[in-house]
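# Summary of structural features
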Amino acid sequence: MRWRGRRGSENVEDRRSSRGPAMAGGGSILGILFIMLLVWLLGGDPLAVLRGLPQQQPGGGGGPVAVNPADDERAQFVSVVLADTEDVWAQQFRQMGKRYEDPTLVMFRGTVQSACGFQQSATGPFYCPLDQKVYIDLSFFDDMSDNLGAEGDFAQAYVIAHEVGHHVQNLLGISETVHRARTQVGKEEANELSVRQELQADFLAGVWAHHAQQNWNILEEGDIEEALNAATAIGDDRLQMESRGFVVPESFTHGSSKQRARWFYKGLKTGDIDQGDTFAIPYDQL
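Residues numbered from 1 in each chain as written. Predicted model: local features only at pLDDT ≥ 70, side-chain atom pairs only at ≥ 80, totals over all residues. Heavy atoms only, no water.

## Section: the state of the cysteines
Threshold: Any cysteine sulfur atom paired with another within 2.5 Å is treated as part of a disulfide. Starting at the N terminus, helices and strands are each numbered in turn, a helix being any DSSP run of H or I of at least four residues and a strand any DSSP run of E of at least two. With a 1.4 Å probe rolled over the protein chains alone, any residue whose accessible area is under 20% of its type maximum counts as buried; one over 50% counts as exposed, and the rest are partly exposed.
A full pass over the atoms with the stated rule returns one disulfide. Across the disulfide from Cys116 sits Cys128; the S-S distance is 2.1 Å. Residues Cys116 and Cys128 are joined through a disulfide that is right-handed, its torsion about the S-S bond being 90°. Taken together, the residues span a long stretch of sequence, with Cys116 in the loop between strand S3 (111-114) and strand S4 (117-120) and Cys128 in strand S5 (residues 126-128) at a distance of twelve residues. According to the relative accessible area criterion, Cys116 is buried, its value standing at 9%.

So, in structure tokens, the structure goes:
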């Protein structure tokens, strides 16, 4: 991917040198309960908050953590990709007669506190609609390469663009609509809504790539294959097969490998946000 020599975003918050908050004695019970309530209202698992609480080590504290200098180039790359998403989505929103609000991207290591609660790097990149921030531990890119076989800088750009896609959904009111709908149906139907939302975020990542290519000629040989491989690697069916040895389609929350790759590619080829209504298609045809 061609990214060097272009502007980086000013909306990057670097927390890589800070530890997550120490929770000596379990922290504030009321505070934890409040965060669990917020997660539940967002359709998440409140117990994940407890599992994700950073644990204070004996004699430890919230002191600084050394930043790996090798991460610096990757941090610059993330900043440029975020800037590209800002420019593309500002243009797209203007065409819709709307104003795009830039999200903030938080880089962290190990654990992080967001308005959606405490999270660990094992959670993977995520978007919190309560503070309109994208969170990513840069070590996730190593996991993509080493554990998922999803290598390449454009694969990493796809991940960032997917999370920004959730921000676009939030600004357009789609996220709130989905949240309300999920609270009114059973678990299987709620999972289906989640899949539709995630596949649309994949599509929006493709829309970004389409216009970024038109604007800055970012794609190099093999880049599209990198992104499609990444989308395939994080499909629910593949992850379940690798972790469980079997697949439970009704438990999918992000979509199958084939679906994720298909919707990203559709966004990439069309660049037309109007063609990404994953909620208007029969579920078995996604």
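## Some details on the packing of helix H4 (residues 139-146) against helix H5 (residues 153-171)
Here is the rule we go by: Only the stretch in contact is used when fitting a helix axis, every axis being a line fitted to C-alpha atoms; angles between N-to-C directions are given from 0 to 180 degrees. In what follows, roughly perpendicular refers to angles from 65 to 115 degrees, roughly parallel to angles under 35, roughly antiparallel to angles over 145, and oblique to any angle outside these ranges. Handedness of a crossing follows from how the near helix is turned relative to the far one, being left-handed for an anticlockwise turn of less than a right angle and right-handed for a clockwise one. Contact between two residues is taken to exist if any of their heavy atoms lie within 4.5 Å; hydrogens are not considered.
Direction vectors running N to C along H4 and H5 enclose 125°, while the axes themselves pass 11 Å from each other. The angle between H4 and H5 falls in the class oblique. When the axes of H4 and H5 are compared, the crossing they make is right-handed. Contact residues: Phe140, Phe141 and Met144 in H4; Ala155, Gln156, Val159 and Ile160 in H5.

## Considerations on the packing of aromatic side chains
As a reminder of what qualifies: Here is the rule: rings of Phe, Tyr and Trp (six-membered ring for Trp) pair when centre to centre is within 6.5 Å. Planes less than 30 degrees apart are stacked, more than 60 are edge-to-face, and the remainder are tilted.
Scanning the model with the defined rule gives seven aromatic pairs in all. Plain terms: the ring middles of Trp3 and Phe77 are 5.5 Å apart, the flat faces sit at 80° to each other, and that makes the pair edge-to-face. On the criterion of sequence distance, the pair formed by Trp3 in the segment before strand S1 (12-14) and Phe77 in helix H3 (residues 71-95) is long-range, its members being 74 residues apart. A single burial state applies to Trp3 and to Phe77, both of which are buried.

## Some details on the nonpolar core
The nonpolar side chains of a soluble globular protein tend to be buried, and buried together. Let me state the cut-off plainly: As used in this record, nonpolar core signifies buried Ala, Val, Leu, Ile, Met, Phe, Trp, Tyr and Cys residues forming a set joined through side-chain atoms within 4.5 Å.
In this structure, Met1, Trp89, Phe141, Met144, Phe154, Tyr158 and Trp208 are the most contacted members of the largest nonpolar core, which totals 56 residues. Those elements that place two or more of their residues in this core are H3, strand S2 (104-108), strand S6 (133-137), H4, H5, helix H7 (187-216), helix H8 (223-233) and helix H10 (257-270). No other element matches the ten residues that H3 contributes to this core. Setting aside chain neighbours within four positions, we find Phe141 in contact with Arg74, Val78, Ile136, Gln156, Val159 and Ile160. Core analysis: the next-biggest nonpolar cluster, separate from the first, contains seven residues, Phe108, Val112, Phe126 and Cys128 among them.

## Observations concerning the confidence of the model for the protein chain
Spelled out, the test is: What pLDDT reports is the predictor's confidence in each residue, on a scale of 0 through 100.
The predicted model of the protein chain averages 88 in pLDDT, with 81% of residues at 70 or higher. Contacts from residues 21-29, a stretch scored under 50 in pLDDT, to residues over four places away or in other chains number eleven contacts. A low-confidence stretch, residues 54-63 (pLDDT under 50), is modelled with eleven contacts involving residues beyond four sequence positions or located in other chains.

## Observations regarding the pairing of S3
We count it as follows: For two strands to be treated as a pair, DSSP must find no fewer than two bridges joining them.
Note: S3 against S4, four bridges, orientation antiparallel. In the sheet register, Val112 faces S4, and the bridge partner there is Gln119. In textbook terms, the turn of a hairpin is the stretch between consecutive antiparallel strands, and for S3 and S4 this stretch comprises two residues.

## Brief notes about the pattern of salt bridges
Threshold: A carboxyl oxygen of Asp or Glu within 4 Å of a side-chain nitrogen of Lys or Arg is what we treat as a salt bridge.
The tally for this structure, following the rule as stated, stands at twelve salt bridges. The partner of Arg180 in a salt bridge is Glu176, with the nearest N and O atoms 3.6 Å apart. Of this pair, Arg180 and Glu176 both sit in helix H6 (residues 174-182), separated by four residues, roughly a single helical turn. On the basis of relative accessibility, which here comes to 41%, the residue Arg180 falls in the partly exposed class. Its relative accessible area of 41% is what places Glu176 among the partly exposed residues. Put simply, Arg7, Glu86 and Asp87 are held in one network by salt bridges that share partners.

## Digging into the side chain of Ser256
One can find Ser256 in the loop between helix H9 (236-244) and H10. Of the residues examined, Ser256 reaches a relative accessible area of 12% and is grouped as buried. In this structure, Ser256 is in contact with Gly235, Asp236 and Asp237, ignoring residues within four places of it in sequence.

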